[in-house]
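One letter stands for each residue in the lines below.
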Amino acid sequence: MYTPELGKPGAAAPVSRRGEARAFVAAVAARVAADEFIEPKDWMPEAYRRTLIRQISQHAHSEIVGMLPEGNWISRAPSLRRKAVLLAKVQDEGGHGLYLYCAAETLGASRDEMTEALLAGKAKYSTIFNYPTLTWADIGAIGWLVDGAAIMNQVPLQRTSYGPYARAMVRVCKEESFHQRQGFEIMMAMANGTPEQKEMAQDALNRWWWPSLMMFGPPDADSPNSAQGFRWRIKRDSNDDLRQKFVDITTPQAEFLGLTVPDADLRWDADRGHYDFGAIDWEEFYAVVRGEGPVAKERMEARREAWEDGAWVREAADAYEAKRQARAAA
Amino acid sequence: MSKDWPLWEVFVRMRGGLSHKHVGSVHAPDGELAVRHARDVYTRRLEGVSLWVVKSADIVASDPAQAGPLFEPAESKVYRHPTFYDIPDVVKHI
Ligand SMILES: [Fe+2]
Ligand SMILES: [Fe+2]
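The structure presented is a predicted model; accordingly, all values stated were derived computationally and were not measured.

Moving on, we get to the overall build of chain A. When helices and strands are counted, chain A shows 13 helices and two strands. In summary, chain A has a C-alpha radius of gyration of 22 Å against a globular reference of 20 Å for 330 residues, a match within 12%. Overall, the C-alpha framework of chain A stretches about 65 × 60 × 30 Å when taken along its three principal axes. For chain A, the residues scored as buried account for 51% of the 330 residues in total. Counted over contacts in chain A with a minimum sequence separation of 6, partners at least 24 positions apart contribute 78%. Put simply, chain A shows about 15600 Å² of open surface, and 56% of that area lies on carbon and sulfur atoms. Separation between the mean location of the 41 positive side-chain charges and that of the 47 negative ones in chain A comes to 7 Å.

The structure is reproduced here in structure tokens:
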């Protein structure tokens, strides 16, 4: 069940730090290896729980912050149709955040603490959302590339070992496909529009291409935690494999649009059966991870403002419930 | 945790004729708002025709560590299944 009250760490099994615990760890590892799912009330190693809370809450924060780059174009969408679509897409991202917060809560994390960590700027989220959305074409590029990369990261997680996380991913993946298609549709319209529109589309591709490749995380050689992630089945494909897959799928799509991928080294390698591509600027990636992204500060300010602006609604709901309870008691 | 609104488990009936199925949870100060939140979070694409919300704290669950002894009696009673009984092929409609 989906409740921290039921899923308190160690509630179900004796946890003596040594012998028994080691036996339990081995048992959990065996279940994970057998493609079984771990559920909230099951005993699980503390490191597994902590790693999952970190990964799921960061994923949730990414969905929530991910609403901002697109949200600021809702009022400027070029038509009512585009506006309705973008609104629905952004609302979905909010939903994704909520599914994921729920999953993290089944591990004993509190919603309040996660929200506070985000607003205090202490929580990490995907680096991609700290880049600005300068023109309407960026909305197309985000749907096409950023949601495209997110889908590629998320599809394997539908079979991740922690049940609530896997189930959240199933819902998320079902909804993501429309996000990517509406983005590509915007790109098609722009690429086939006036020369200025096509230029905007190309400019958006130029700015979003490399940050999208960075979404798959550091090169395998520099991902020290990957091995543990594979063993626990909270990671299912390597960063470099997914990145290669993304380049292979996306490059022909860019060609279809008549746009140029901003990489002079990009070429088809018939022997490998893959595209070769240029070196990624990992310095930029780590700078954005450290919070030096172009609009990192604005993003957190927007989150805090939204939280504070909504305070009166939360207070009103609390007051209403208190009054209702007082009446029921009288 | 103190400031969090209570947690509610959400159940959705996909369509008439099916039972409600657990889909996730929401925070809300009361049941009525929990239903509204559940509608926004879990039924944006015609996923259901009916919603139930139940306070998470009110759910009593079995202990997974005791799943073995709890469900073993069912496992050992194979004669509860029709395939346990050998009936010659010549006998029809049974
Ligand atoms: Fe999403
Ligand atoms: Fe999305």
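Back to the text.
Octahedral metals with six donors have ideal donor angles of 90 or 180 degrees. Tetrahedral metals with four donors have an ideal donor angle of 109.5 degrees. All names here are of chain A. Protein ligation of the iron ion (ligand 1) involves E63 (OE), E93 (OE), H96 (ND1) and E176 (OE), the donor distances falling in the range 2.1 to 2.3 Å. Around the iron ion (ligand 1) sit four donor atoms, and with donor-metal-donor angles ranging over 83 to 154° the site reads as irregular. Between the iron ion (ligand 1) and the iron ion (ligand 2) the interatomic distance comes to 3.4 Å, and E93 is a ligand of both metals. You can see E63 sitting in helix α2 (residues 46-65) and its partner H96 sitting in helix α4 (residues 80-105), a full 33 residues away along the chain. Judged on exposure class, the residue E63 and its partner H96 are both buried.

Conventions we followed
- Residues numbered from 1 in each chain as written.
- Chains lettered and ligands numbered in written order.
- Predicted model: local features only at pLDDT ≥ 70, side-chain atom pairs only at ≥ 80, totals over all residues.
- Heavy atoms only, no water.
- Helix = DSSP H or I, 4+ residues; strand = E, 2+ residues; numbered from the N terminus.
- Rg over C-alpha atoms; globule rule 2.2 N^0.38 Å.
- Buried < 20%, exposed > 50% of the residue type's maximum accessible area, 1.4 Å probe, protein only.
- Contact = heavy atoms within 4.5 Å.
- Areas by Shrake-Rupley, 256 points an atom, 1.4 Å probe, with all protein chains shown as cover.
- Lys, Arg positive; Asp, Glu negative; His and termini not counted.
- Charge placed at Lys NZ, Arg CZ, Asp CG, Glu CD.
- Donors = N, O, S within 2.8 Å, 3.2 Å for Na, K, Ca; no water.
- Tetrahedral: all angles 85-135°; square planar, octahedral: opposite > 155°, others 65-115°.

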